[in-house]
Amino acid sequence: MTDEAQINLFEWSTQSPATPPSGGDGARIPTSAQVPIPPGTYTHIEALAQDCRQCQRCDLSQTRTHVVVSRGSPQAPLMIIGEGPGQQEDETGLPFVGRAGQLLEKILAAVQLEPERDTYICNMVKCRPPGNRTPTPDETAACRPYLLEQIRLVNPKIILLTGATAVKGLTGDKRGITKIRGQWITWQNHLCMPILHPAYLLRNPSRKPGSPKWLMWQDIQLVKAKLNELIP
Ligand code: SF4
């Protein structure tokens, strides 16, 4: 395979190969992060989850308790992508279940969005970075093919990117989250909205105009209005 062809395998594609394998036996997943997982590898989320549970493509596999793949509905119109699992997520195997996750659920409920029905929630990396540090670029790159497959399979109307790491990890946009939150970004034909991370809101409880919570309220209303527009 030429270098260019190998690089292309990492690129986003909405086209499935002629005969996509169903995935899920773990045997086909390259343990080296240098070896790509081609777009179209999976035909359903559970097969992807099975492979993630056996994955050793980066060192985070050595310290995880559980692989945290996703929760919510694979048919959801809204996909929410965070940075990585925290302690409670690592213990339970579910994303956004700690205090930040509870706040996220309240924010969604405020605009009549039900997490298990209307959203599909996942992270840039599926194993917990020790001490909740930011995932390294190598770890993010190793896990990225899984995320791209999740986006391809769910095919959401809108992607919410929570925090700068998620924005940078998916789109490559390195601007600070306070600069780009609340602005629509189109990435690979997907409509994305960067928002503040709920954990940041927990550290900034003020509700005054211009505060993080106030900004989140503006952003989530924009998202809800766009969803209503896209799904009459
Ligand atoms: S973080 Fe992703 S790439 Fe790394 S071991 Fe976990 S599932 Fe595999």
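In case you missed it, the structure is sitting above this.
Residues numbered from 1 in each chain as written. Predicted model: local features only at pLDDT ≥ 70, side-chain atom pairs only at ≥ 80, totals over all residues. Heavy atoms only, no water.

### Here's the deal with the overall build of the protein
Stage number 1. The helix and strand tally for the protein stands at 10 helices and 6 strands.
Stage number 2. Classification of the 232 residues of the protein by burial places 49% in the buried group.
Stage number 3. For the protein, the proportion of contacts with a sequence separation of at least 24, taken over those separated by at least 6, is 70%.
Stage number 4. Accessible area of the protein: about 11400 Å², with a carbon and sulfur share of 49%. (Helix = DSSP H or I, 4+ residues; strand = E, 2+ residues; numbered from the N terminus. Buried < 20%, exposed > 50% of the residue type's maximum accessible area, 1.4 Å probe, protein only. Contact = heavy atoms within 4.5 Å. Areas by Shrake-Rupley, 256 points an atom, 1.4 Å probe, with all protein chains shown as cover.)

### A short note on the pattern of salt bridges
Stage number 1. This structure, assessed with the given rule, holds 9 salt bridges.
Stage number 2. Measuring nitrogen to oxygen at the nearest pair gives 2.8 Å for the salt bridge that ties Asp118 to Arg117.
Stage number 3. The class of Asp118 is buried, set by a relative accessible area of 12%.
Stage number 4. Take Arg117: its relative accessible area is 53%, and that puts it in the exposed class. (Salt bridge = Lys/Arg side-chain N within 4 Å of Asp/Glu carboxyl O.)

### As for the nonpolar core
Stage number 1. One finds Leu78, Met79 and Ile81 to be the most contacted residues of the largest nonpolar core, which totals 42 residues.
Stage number 2. Ranked by residue count, the leading element in this core is helix 10 (residues 212–230), at 5 residues.
Stage number 3. Apart from residues no more than four positions distant in its own chain, Leu78 is found in contact with Leu108, Leu113, Asp118, Thr119, Tyr120, Pro156, Ile158, Leu160, Val223 and Leu227.
Stage number 4. Of all hydrophobic cores here, the second largest spans 17 residues; its members include Ile37, Ala47, Cys55 and Cys58. (Core = buried A, V, L, I, M, F, W, Y, C linked by side-chain atoms within 4.5 Å.)

### Overview of the sheet that holds strand 6 (residues 190–195)
Stage number 1. Strand order in the open sheet formed by 6 strands is 1-3-2-4-6-5, and the pairing between neighbours is mixed. What marks the edges here is a single partner per strand, and that holds for strand 1 (71–72) and strand 5 (185–187).
Stage number 2. Here strand 5 runs beside strand 6; their pairing, made up of 3 bridges, is antiparallel. Its bridge partner being in strand 6, Thr186 is matched across the sheet by Leu191.
Stage number 3. Against the sheet, helix 6 (residues 137–154) contacts strand 2 (78–82), strand 3 (119–123), strand 4 (158–162), strand 5 and strand 6, and its axis sits at roughly 170° relative to strand 2.
Stage number 4. Contacts from helix 10 reach strand 2, strand 4 and strand 6 within the one sheet, and its direction differs from that of strand 6 by about 165°. (Pairing = 2+ DSSP bridges. Axes fitted to C-alpha atoms, helices over the stretch in contact; angles between N-to-C directions.)

### Quick look at unusual backbone geometry
Stage number 1. You will see that Gln112, though not glycine, has its phi angle at about 60°, which is positive.
Stage number 2. Among the secondary structure elements, Gln112 is positioned in the loop between helix 4 (99–110) and helix 5 (115–118).
Stage number 3. By relative accessible area, Gln112 is classed as exposed at 57%.
Stage number 4. Even without being a glycine, Asn189 presents a positive backbone phi close to 65°.
Stage number 5. Among the secondary structure elements, Asn189 is positioned in the loop between strand 5 and strand 6.

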